[in-house]
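Chain by chain, the residues:
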Amino acid sequence: LKAAKNKNKMADDEPMDEAPADAPAEGEVEVAEMSVLDALRDVLKRALIHGGLKRGLREVAKALDSRTAKLCCLAKDCDNAEYSNLVRALCDEGGVSLVMVDEGKQLGEWAGLCKINEEGEATSVVRCSAACVTEFGEDTRALSVLLTYLKAQAPEDK
């Protein structure tokens, strides 16, 4: 009889129906508060999936020179001044938005220059000082957040 009473109490409480109703609301709040760097990470990963991500100075310079780049990322910790000056000059010349990322290791991870272990964490991350997107792929919330940020920053730069 005690087991039957416990089953009835659990069924009457129905905590499972309340949790899924709250979960989408929390997910919507997180999406609305997406930071620019989170959006950039998502955009870079989607571009990599769709074959529209160029990594490294040679590929980035070719994409910027041929005017196929839509967005460029440069690591703030790039130790070669000539390297960063070249990327900045090519971005200015082509009118391509430039996003500065704090660390090259972080940019390398976002650009797919790493191995993923069984837990889904990045290991053996290769540093990347420059990356650019030639094709965004899917039109996502992250892309719209990033483009809105870039439009807001454009008047300040010029």
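These numbers were taken from a predicted model, which means no experiment stands behind them.

Enquirer: Would you mind showing me how to read the overall build of the protein chain here?
Expert: A count of helical and extended segments in the protein chain gives 7 helices and 6 strands. The secondary structure elements of the protein chain, listed N-terminal to C-terminal, are α-α-α-β-α-β-α-β-α-β-β-β-α. Counting over 158 residues, the protein chain shows a buried share of 29%. The contacts in the protein chain between residues at least 6 apart in sequence include a share of 73% that link residues at least 24 apart. When the accessible surface of the protein chain is split by element, carbon and sulfur atoms take 50% of a total near 10400 Å².

Enquirer: It is not clear to me how the packing of helix α4 (residues 57–65) against helix α5 (residues 81–94) should be interpreted in this structure. Could you clarify?
Expert: In contact at an axis separation of 9 Å, α4 and α5 are set at 20° when each is read in the N-to-C sense. One element, α4, and the other, α5, form an angle in the roughly parallel class. Seen from above, α4 lies across α5 with left-handed handedness. Together, Leu57, Ala61 and Leu64 of α4 and Tyr83, Leu86, Val87, Leu90 and Cys91 of α5 make up the contact between the two elements. Here the contact of α4 with α5 is composed, by residue class, of 8 nonpolar, no polar and no charged.

Enquirer: Is there a simple way to explain the nonpolar core in this structure?
Expert: The biggest cluster of nonpolar side chains holds 22 residues, and the ones touching the most others in it are Leu40, Leu44, Leu53, Leu71, Leu107, Val133 and Leu146. Those elements that place two or more of their residues in this core are α3 (36–49), β2 (71–75), β3 (97–101), α6 (104–110), β6 (130–133) and α7 (141–157). Counting residues in each nonpolar core, the second largest holds 14 residues, with Ala63, Leu90, Val96 and Ala130 among its members.

Enquirer: Would you mind showing me how to read the sheet that holds β2 here?
Expert: Adjacent strands of a sheet form backbone hydrogen bonds with each other and so pair up, either parallel or antiparallel. If you walk across this open sheet you meet the 4 strands as β1-β6-β2-β3, and the pairing is mixed. Only two strands of the sheet have a single partner each, and these edge strands are β1 (53–55) and β3. Going from strand to strand, the sheet's axes swing by 20° on average, the running direction of each strand aside. With 3 bridges connecting them, β1 and β6 associate as antiparallel partners. Bridge pairing links Arg55 to Ala131 in β6. Sheet contacts for α4: β1, β2 and β6; angle to β1, the most-contacted strand, approximately 130°. α5 rests against β2, β3 and β6 of the sheet, and its axis sits at about 160° to β2.

Calculation criteria
Residues numbered from 1 in each chain as written. Predicted model: local features only at pLDDT ≥ 70, side-chain atom pairs only at ≥ 80, totals over all residues. Heavy atoms only, no water. Helix = DSSP H or I, 4+ residues; strand = E, 2+ residues; numbered from the N terminus. Buried < 20%, exposed > 50% of the residue type's maximum accessible area, 1.4 Å probe, protein only. Contact = heavy atoms within 4.5 Å. Areas by Shrake-Rupley, 256 points an atom, 1.4 Å probe, with all protein chains shown as cover. Axes fitted to C-alpha atoms, helices over the stretch in contact; angles between N-to-C directions. Parallel < 35°, antiparallel > 145°, perpendicular 65-115°, else oblique. Left-handed = near helix turned anticlockwise from the far one by under 90°. Nonpolar A, V, L, I, M, F, W, Y, C, P; charged D, E, K, R; others polar. Core = buried A, V, L, I, M, F, W, Y, C linked by side-chain atoms within 4.5 Å. Pairing = 2+ DSSP bridges.

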